[in-house]
Each structure stands twice: as structure tokens, then as C-alpha cells.
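Listed below are the residues making up each chain.
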Amino acid sequence: MSNKSTIAATFIKYRTKMMRAVSAIVSSDDIEDIVQEAFIKSYEAELKQEIRYERTYMLKTARNLALNHVNSAASQLNQPVDDMDMLPHDLVGYSLEKHVESKERFIHFCRATESLSPEVKRVFLLKKVYGMSQRDIAELTGLSESTVEKHVAKGLLQCSRFLAASAGTGGKGTTGQTRSGQTSS
């Protein structure tokens, strides 16, 4: 396991280049989502196999995702307008603010996970993002179930501290208050 996660390092190094490549294909609103999805898909692939040329792999993945996005959007434009009456009331009332807030929370979560050590991050993401059981993670990583549990707990603690600190500096006060109004330690 000397090659812990070179995909993450490659992603950080070439993220801007991937964004430029994708921007030639999709609208500016979709660039970040596609680049993030390219990272996730590349990370998943790295867990299953060795990726020899990571930069090329990620750029090609981002390009293909962007092309798929454009094709999907084009097919959705061909849906009859009559279907619009059948949208649930909740979706019609879904505001742009909630959508932006959701994306911001996701970006903060990604930044929080970047603050974790590579081994803790891998275990934490397998558990919390991919929903794998501790036993499956232990088998995949070669760690004991107890170590997996400790890594997940450590990841939760560090991410919650990171998110609390970023909320405190994000213009919502610096007291480290949680949403329930309690102060975090």
C-alpha cells in the first residue's frame, strides 16, 4: 500500500486543467459537478485496479462525463411539455438558494475530507459515501474491524471540527456554534 491515493494528489494538481477541458463542453454551472464526479469515478477505479496514467485517465473521464451530460440534457429537452404538469409540488417550489446551499455543503464536505490523513480518508469515504460495512472495508483494506471503526470515528470527528471551524469563519460568527445553538468544543 505504498501507493495510497495518488488519484487525490493528481486531482488536486490537475483540477484547473480538467475544469478548462470540461468548460469547452458544458455550461459553467455544470463544470464543478462534472470534475467532482470524475474524481469520484477515478477514485473508485483506483480502488479496483492500478491506474498507470492517472492524469490522462481523469481527463478522459471528465471529458466523457461532460459529453454524457450534454447528451443527457439534449434528450431531456425532447420530453413533451405536458409532462411538466406532473412535477411534484416540492420540486416546483425548490428554490435556487437551496440548490446553491446544497452545493456549498458538498464543497465544504469535500474540503473537510481533504484534511484527513490518506488512510483515514479512504476508510471514512468507503463507509460514509459508499455505505460499505466495516467488515467489507476491513477485508478490502487489510485493516482490522476495530481499526476501521476508529478511522471512521476519527474521520467524523475531524470533519465535524473542520466544518464547525469553516462555519465559524464563513460570516456566521466565530463562536463555533452548531445549528442547534450549542457551542462545540
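Treat the numbers as computed from the prediction; the structure is a model and nothing was measured.

**Considerations on the packing of helix α6 (residues 118–128) against helix α7 (residues 134–141)**
And then number 1: Contact geometry for α6 and α7: axes closest at 10 Å, N-to-C directions at 140°. Between α6 and α7, the interaxial angle falls into the category oblique. In terms of crossing hand, the pair formed by α6 and α7 is right-handed. Only Gln134, Ile137, Leu140 and Thr141 of α7 make contact with α6, whose side of the interface consists of Arg122, Val123, Leu126 and Lys127.
And then number 2: Here the contact of α6 with α7 is built from residues that sort into four nonpolar, two polar and two charged.

**Description of the pattern of salt bridges**
And then number 1: Tallied over the full model, the rule gives four salt bridges.
And then number 2: Linking Arg15 and Glu32 is a salt bridge whose minimum nitrogen-to-oxygen distance equals 2.7 Å. Here the residue Arg15 occupies a position in helix α1 (residues 6–23), and Glu32 occupies one in helix α2 (residues 28–48), the gap between them amounting to 17 residues.
And then number 3: Residue Arg15 is classed as partly exposed on the basis of its relative accessible area, which comes to 27%.
And then number 4: Here Lys121 ties to Glu114 by a salt bridge, and the two come within 3.4 Å at their closest N and O atoms.

**Structural notes on the nonpolar core**
And then number 1: Ranked by size, the top nonpolar core spans 19 residues in total, and within it Met18 and Val22 carry the most contacts.
And then number 2: Among the elements that take part in this core, α2 stands out by supplying seven residues, more than any other.
And then number 3: For Met18, the contacting residues outside a window of four places in its chain are Phe11, Val35, Ala38, Met58 and Leu59.

**Let's talk about the environment of Pro118**
And then number 1: As for its placement among the helices and strands, Pro118 is situated in helix α6.
And then number 2: Taking the relative accessible area as the measure of exposure, Pro118 reaches 45% and is therefore partly exposed.
And then number 3: Residues Pro118 and Thr6 lie 112 residues apart in sequence; the distance between their C-alpha atoms is 9.8 Å.

**Side note on the packing of aromatic side chains**
And then number 1: All chains considered together, the criterion is met by three aromatic pairs.
And then number 2: For the ring pair Phe11 and Phe39, a centre distance of 4.8 Å and an interplane angle of 45° mean the geometry is tilted. Within this pair, whereas Phe11 is found in helix α1, its partner Phe39 is found in helix α2, the two being separated by 28 residues in sequence. Both residues of the pair, Phe11 and Phe39, count as buried.
And then number 3: Measuring from ring centre to ring centre gives 6.2 Å for Phe109 and Phe124, while their planes differ by 35°; the resulting arrangement is tilted. Here the residue Phe109 occupies a position in helix α5 (residues 96–114), and Phe124 occupies one in helix α6, the gap between them amounting to 15 residues.

**A closer look at the side chain of Thr113**
And then number 1: By the element assignment, Thr113 lies in helix α5.
And then number 2: Judged by relative accessible area, which is 5%, Thr113 ranks as buried.
And then number 3: A polar atom in the side chain of Thr113 sits 2.8 Å from the backbone oxygen of Cys110.
And then number 4: Among all residues touching Thr113, those that are not within four sequence positions of it are Lys121, Phe124, Leu125 and Cys159.

**A word on the confidence of the model for the protein chain**
And then number 1: Here the protein chain shows a mean pLDDT of 78. Residues at 70 or above account for 76%.
And then number 2: Ranking the helices and strands of the protein chain by mean pLDDT puts α7 first, with 91, and helix α4 (residues 89–92) last, with 53.
And then number 3: A low-confidence stretch, residues 171–185 (pLDDT under 50), is modelled with 13 contacts involving residues beyond four sequence positions or located in other chains.

**With respect to α2**
And then number 1: Counted at 1.5 Å a residue, the expected span for α2 with its 21 residues is 30 Å, and the 31 Å between its end C-alpha atoms agrees.
And then number 2: All of the buried residues along α2 are Ile31, Ile34, Val35, Gln36, Ala38, Phe39, Ser42, Tyr43, Ala45 and Glu46.

The rules behind these values
Residues numbered from 1 in each chain as written. Predicted model: local features only at pLDDT ≥ 70, side-chain atom pairs only at ≥ 80, totals over all residues. Heavy atoms only, no water. Axes fitted to C-alpha atoms, helices over the stretch in contact; angles between N-to-C directions. Helix = DSSP H or I, 4+ residues; strand = E, 2+ residues; numbered from the N terminus. Parallel < 35°, antiparallel > 145°, perpendicular 65-115°, else oblique. Left-handed = near helix turned anticlockwise from the far one by under 90°. Contact = heavy atoms within 4.5 Å. Nonpolar A, V, L, I, M, F, W, Y, C, P; charged D, E, K, R; others polar. Salt bridge = Lys/Arg side-chain N within 4 Å of Asp/Glu carboxyl O. Buried < 20%, exposed > 50% of the residue type's maximum accessible area, 1.4 Å probe, protein only. Core = buried A, V, L, I, M, F, W, Y, C linked by side-chain atoms within 4.5 Å. Phe/Tyr/Trp six-rings, centres within 6.5 Å; stacked < 30°, edge-to-face > 60°. Polar contact = N/O pair within 3.5 Å; in protein donor to acceptor, adjacent residues only side chain to side chain. pLDDT = per-residue confidence, 0-100. Expected span 1.5 Å × (residues − 1).

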